[in-house]
Amino acid sequence: MATVELKGISKVYDGGVKAVNDANIIIQDREFVVLVGPSGCGKTTTLRMIAGLEDITEGELTIDGKLVNDVPPKDRDIAMVFQNYALYPHMTVYDNMAFGLKIRKFPKAEIDNRVREAAKILDIGMLLERKPKALSGGQRQRVAVGRAIVRQPKVFLFDEPLSNLDAKLRVQMRAEISALHNRLQATMIYVTHDQVEAMTMGDKIVVMKDGFIQQIGDPLGLYNFPINRFVAGFIGSPPMNFMDVQIAEEGGTLFAVEKNFRVAVTGRNIPLVKPYIGKNIIFGIRPEDLTFSDREAPGKSMKITVEVVEPLGAEIHLYMNTGAHQLVARVPTDHVYKVGDVASFIPNMDKAIFFDAETEKALLP
């Protein structure tokens, strides 16, 4: 397999539109890296530059230490799985998987061996004589992956391969792709706008916004220590709650104060927010860190009005209003919540993250 390195990579389209700005990423040998972000953030453009399908405006791209900026896609030893699978409709599954090897003049026996081995790995051996129109979405996706596997490339590239599947099949297929990575021990680069896919599949996640890399890290690192408000709000489902508060000091205790509540700042956050006494700051708390309380706890709890109740079986999502901010909480099913209830919730202040109101950078230890 291979190490892939992007050094100061940028992409500027005609008219001066900068799709990717100074991207620096190292994808280690056998690593599964996910590029994630909203539509238009530059993640697919970055993947296409790695594939050679887009020219690089600035910077250097190396695969296994070799500069490949001007190397044609067919000579980069990569294989790409597209969002629409890009299967040839007039060919059987077998011929679709074998096509790339045939045009490279591989011996027939080796082609057959590689195709049947890939089909066995993906459990599509019984589909080899069918054509794409006779396959389900999940089966087509497996064929597209199989076509990449038979190439035995240095790097696998995936461009939102699960976006056309239904929710249940997406869950199944992301587990299968993760298992495939473990089995092949391959270098894989995967693009998605779905942060759940990113969190569950990636060894390393690259979060992008407006052409800029916001943060690179492992899933739990990004979740627990987001570098700014964007990353904190993008990673996590439901997303983190944000409230505009002011830091006040009373009797040696620091409080985060909003129009309808005041909660004491605790733990690691005390020295971080102390410079903001008397100033506005952004208070972030994840939905699972809001705990229902059957009584008010002055300086610890928040009074919130329940607006929407979403029962999800194992848990409930409550959409609520403090009077100034909309919040969502993930709560257990051991209590009956009704729309219009005014309830007390205690935020776990040791898990809270504060952000500078102007820069939106996280205040981290």
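Structure report, in brief.

Cut-offs applied
- Residues numbered from 1 in each chain as written.
- Predicted model: local features only at pLDDT ≥ 70, side-chain atom pairs only at ≥ 80, totals over all residues.
- Heavy atoms only, no water.
- Helix = DSSP H or I, 4+ residues; strand = E, 2+ residues; numbered from the N terminus.
- Contact = heavy atoms within 4.5 Å.
- Areas by Shrake-Rupley, 256 points an atom, 1.4 Å probe, with all protein chains shown as cover.
- Lys, Arg positive; Asp, Glu negative; His and termini not counted.
- Charge placed at Lys NZ, Arg CZ, Asp CG, Glu CD.
- Polar contact = N/O pair within 3.5 Å; in protein donor to acceptor, adjacent residues only side chain to side chain.
- Pairing = 2+ DSSP bridges.
- Core = buried A, V, L, I, M, F, W, Y, C linked by side-chain atoms within 4.5 Å.
- Buried < 20%, exposed > 50% of the residue type's maximum accessible area, 1.4 Å probe, protein only.
- Axes fitted to C-alpha atoms, helices over the stretch in contact; angles between N-to-C directions.
- Expected span 1.5 Å × (residues − 1).
- Salt bridge = Lys/Arg side-chain N within 4 Å of Asp/Glu carboxyl O.

This part takes up the overall build of the protein chain. Along its length, the protein chain carries nine helices and 20 strands. Across its three principal directions, the C-alpha atoms of the protein chain cover 80 × 45 × 35 Å. By sequence separation, contacts in the protein chain at least 24 residues apart represent 66% of the contacts at least 6 residues apart. When the accessible area of the protein chain is evaluated, it comes to approximately 17100 Å², of which 50% is carbon and sulfur surface. Here the protein chain contributes 44 positively and 45 negatively charged side chains, and the mean placements of these two sets differ by 6 Å.

Along the chain, the position of Asp 356 falls in strand 20 (residues 353-356). A polar contact is formed between the side chain of Asp 356 and the side chain of Tyr 276, at a distance of 2.8 Å. Residues within four places of Asp 356 in sequence aside, it is in contact with Tyr 276, Ile 282, Lys 361 and Leu 363.

The pairing of strand 17 (residues 316-321) with strand 18 (residues 326-331) spans six bridges and is classified as antiparallel. Note on strand 18: the bridge partner recorded for Tyr 319 is Val 328. Between the end of strand 17 and the start of strand 18, which pair antiparallel, lie four residues, with Gly 323 showing a positive phi angle near 105°.

Let us now look at the pairing of strand 1 (residues 4-12). Bridge count for strand 1 against strand 4 (residues 58-63) is five bridges, and the pairing is antiparallel. The residue of strand 4 that forms the bridge with Ser 10 is Glu 58. Inspection of the sheet shows strand 1 paired to strand 2 (residues 18-27) by six bridges, in the antiparallel sense. What sits directly across from Ile 9, in strand 2, is Ala 23.

Moving on, we come to the nonpolar core. Formed by 48 residues in total, the largest nonpolar core has its most connected members in Met 97, Val 115, Phe 158, Tyr 190 and Val 207. Those residues in contact with Val 115 that sit more than four places away from it in its chain are Tyr 94, Met 97, Ala 98, Leu 128 and Val 150. Counting residues in hydrophobic clusters, the runner-up holds 31 residues, among them Val 265, Ile 281, Val 331 and Ala 352.

What follows is about the sheet that holds strand 16 (residues 302-311). Within the open sheet, the five strands sit side by side as 15-19-16-17-18. Their pairing is antiparallel. Taken across any chain shown, the strands that pair with only one partner, and hence form the sheet edges, are strand 15 (290-293) and strand 18. For this sheet the average axis-to-axis angle between neighbouring strands, irrespective of direction, equals 50°. Two elements, strand 15 and strand 19 (residues 342-347), share four bridges in a ladder whose sense is antiparallel. Among the inter-strand pairings, Ser 293 is bridged to a residue of strand 19, identified as Ser 344.

A cis amide bond, omega -5°, links Ser 237 with the succeeding residue Pro 238. Relative to the elements of secondary structure, Pro 238 occurs in the loop between helix 8 (229-234) and strand 11 (241-250). A positive phi is found at Ala 86, a non-glycine position, where the angle reads about 55°. Residue placement: Ala 86 occurs in the loop between strand 6 (78-81) and helix 2 (93-103).

In this structure, Asn 69 sits in the loop between strand 5 (66-67) and strand 6. Reaching out from Asn 69, the side chain makes a polar contact with the backbone oxygen of Gly 59 at a distance of 2.8 Å.

Turning our attention to helix 4 (residues 137-151). When the terminal C-alpha atoms of helix 4 are compared, their 22 Å separation across 15 residues agrees well with the 21 Å that a helix rising 1.5 Å per residue should span. Most of helix 4 is tucked away, with 12 of its 15 residues classed as buried. Residues of helix 4 that are buried include every one of Gly 138, Gln 141, Arg 142, Val 143, Ala 144, Val 145, Gly 146, Arg 147, Ala 148, Ile 149, Val 150 and Arg 151, and no others. On its buried face, helix 4 is in contact with strand 6, helix 2, helix 3 (108-122), strand 7 (155-159) and helix 5 (167-184). A positive phi of about 50° marks Gln 152, the residue just after helix 4.

With that settled, consider the pattern of salt bridges. In total, this model carries 15 salt bridges according to the counting rule given. Residues Asp 64 and Lys 154 are paired through a salt bridge, measuring 3.5 Å at the closest nitrogen-oxygen approach. Placement of Asp 64 in the loop between strand 4 and strand 5 and of Lys 154 in the loop between helix 4 and strand 7 is noted, with a sequence separation of 90 residues between them. With a relative accessible area of 42%, Asp 64 lands in the partly exposed category. Asp 112 is the salt-bridge partner of Arg 116, the closest N and O atoms lying 3.0 Å from each other. In this pair, Arg 116 and Asp 112 are both assigned in helix 3, four residues apart and thus about one turn of the helix distant.

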